[in-house]
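# Report on the structure
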Amino acid sequence: MSTALTKTDYHFPGQKNVYHGKVRDVYNIKDEKLIMVATDRISAFDVVLPKGIPYKGQMLNQIAAKFLDATADICPNWKLATPDPMVTVGVLCQGFPIEMIVRGYLCGSAWRAYKSGVREICGVRLPEGMRENEKFPHPIITPTTKAEMGLHDEDISKEEILERKLATPEEYAILEKYTLALFERGTQMAAERGLILVDTKYEFGKHNGEIYLMDEIHTPDSSRYFYLEGYQERFEKEEPQKQLSKEFVREWLMANGFQGKEGQKVPEMTPEIVNSISDRYIELYEHITGETFVKGDTSNLNERIEKNVTDYLAK
C-alpha cells in the first residue's frame, strides 16, 4: 500500500504562516510567494474524509500545472514553478471571496435542485423541460461564496456579489469574461482527449492591481468530465453518463447513507475503496493529459517535498 500524504507541518525559509485547507496546505513566504502543497486528502460534501488517496495530490497538482500553462494566454495566473510533483509555487494574490462555477450541462447538485422544482440558480433562469445531463444552450455561471474550513459554500448571484461589494462591476465583468474563456479552452482540450468538460470552478485574486487566476484548474476535484463517446446514446436512453470526476465518490457516500449532514457517519473506507478511488484519479489524469502517469516515490514524502521546496527557495 502506497503512502498517502494527509498532513504537513513544514518550516520553510521566510515562512510567515500556513493555511490548512480541505485538501491543500498553503505556506506564505514573506507575503510574496505561496507554496501550495496538494495533499492526498479528499473531501466530499465539504467534509474531509478520514483516509487519504495515494497519488491524488500529485495527479491534481500536475493536471493543474498543465492547464495553467495551457491557458496563460487567456489571463495571467499565479503559477511560478512546480519544484515537486505535489507542489506549486506561485505569486501571492488577494483572493476574491467567491468561486466562479461554470456549467455546460445540467447535472450534479444543479440537477438535484432542478428535479425538485427549482428553476433559478444564482439568479440564472433555467429553461423548462430539461433532462438530466442535458447541455445548456450556453454555459451558465453559478457562483458560490468561498466558505471557511468546515462551513458550506453557498450559492450567490451576480447581483448579490455586487451588492455585498465582493467585487466591483468592472472586476466582475473581467471574472465573467475569463471564466467563460477558460471554460471554452478547457472544453476544447477535453474534446481532443475524447472527453466533455461538464462543469468546473475557477478562483481569482488580485496581484499588483491585476486580476489573476489562482489555485487549481480543470482537475477532477474542481471539475466534472463525461466521456464523449456514447454520451448522446446514454442521454437519449436516460442512462447514467460514464464520467470522470469526484461525483463517483459522492455517489458511493450517498449510497452508504452519508451526505455530510449532522449525525451521519462516513462509511468505512476499506483499502479496496481507497485503491479504487486512486485508480479512477489515475484514469482521469491519463485521459485528460494524454500522458502515462508516473508515480512519484512515496517512501519519504515529507522529506522529499521539504528538500525540493527548500532547494527551490534557495535559488
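About the cut-offs
Residues numbered from 1 in each chain as written. Predicted model: local features only at pLDDT ≥ 70, side-chain atom pairs only at ≥ 80, totals over all residues. Heavy atoms only, no water. Helix = DSSP H or I, 4+ residues; strand = E, 2+ residues; numbered from the N terminus. Pairing = 2+ DSSP bridges. Axes fitted to C-alpha atoms, helices over the stretch in contact; angles between N-to-C directions. Contact = heavy atoms within 4.5 Å. Buried < 20%, exposed > 50% of the residue type's maximum accessible area, 1.4 Å probe, protein only. Phe/Tyr/Trp six-rings, centres within 6.5 Å; stacked < 30°, edge-to-face > 60°. 1 Å grid on protein atoms, 1.4 Å probe; cavity = no way out; pocket = protein on both sides within 12 Å on 5 of 7 lines; lining within 4 Å. Points joined across faces, edges and corners; volume = space filled by probe spheres on them.

If you trace the backbone, E272 turns up in helix α7 (residues 271-289). Taking the C-alpha atoms as reference points, E272 and I217, 55 residues apart in sequence, are found 28 Å from one another.

As a further point, take the sheet that holds strand β7 (residues 87-91). With respect to topology, five strands assemble into an open sheet ordered β1-β2-β3-β7-β6, the strand pairing being antiparallel. Each of the sheet's edge strands pairs with one partner strand only, and the pair in question is β1 (15-20) and β6 (79-84). Strand after strand, the sheet turns through a mean of 20 degrees between neighbouring axes, direction not considered. Where strand β3 (residues 33-38) meets β7, five bridges bridge the pair, whose relative direction is antiparallel. Bridge pairing in β7 links L34 to G90. Where helix α1 (residues 56-70) meets the sheet, it contacts β2 (24-29), β3, β6 and β7, and its direction lies at approximately 150 degrees from that of β6. Of the strands in this sheet, β2, β3, β6 and β7 are in contact with helix α8 (residues 301-313), which crosses β6 at around 135 degrees.

Moving on, we come to the pairing of β6. Bridge analysis of β6 against β7 gives three bridges, and the strand direction is antiparallel. The partner of A81 across the bridge, within β7, is V89. What sits between the antiparallel neighbours β6 and β7 is a turn of two residues.

We now examine unusual backbone geometry. The phi dihedral of K165 falls on the positive side, at around 55 degrees, and the residue is not glycine. Tracing the backbone shows K165 in the loop between α3 (158-163) and α4 (169-192). Owing to a relative accessible area of 71%, K165 belongs among the exposed residues under this scheme. The phi angle at D215 is positive, at roughly 65 degrees, despite the residue not being glycine.

We now examine the packing of aromatic side chains. This structure, assessed with the given rule, holds eleven aromatic pairs. Between Y178 and F204, the aromatic rings sit 6.2 Å apart at their centres with planes inclined by 35 degrees, giving tilted as the arrangement. Of the two residues, Y178 is situated in helix α4 and F204 in strand β14 (residues 195-207); the sequence distance between them amounts to 26 residues. Site record: aromatic cluster; members linked through ring pairs are Y105, F226, Y231 and F235.

This paragraph deals with the environment of I156. Locating I156 in the fold gives a position in the loop between β13 (144-145) and α3. Residues I156 and C122 lie 34 residues apart in sequence; the distance between their C-alpha atoms is 5.1 Å. The contact partners of I156, leaving out residues within four places of it in the chain, are C122, P143, T144, T145, I161, R164 and L166.

What follows is about the layout of surface pockets. Counted as a void, the second largest pocket has a volume near 370 Å³. Residue assignment for the lining of the second largest pocket shows that the elements contributing at least two residues are α2 (108-115), β16 (223-227), α5 (231-236) and α6 (247-255). By residue number, the principal contributor to the lining of the second largest pocket is α2, which donates four residues.

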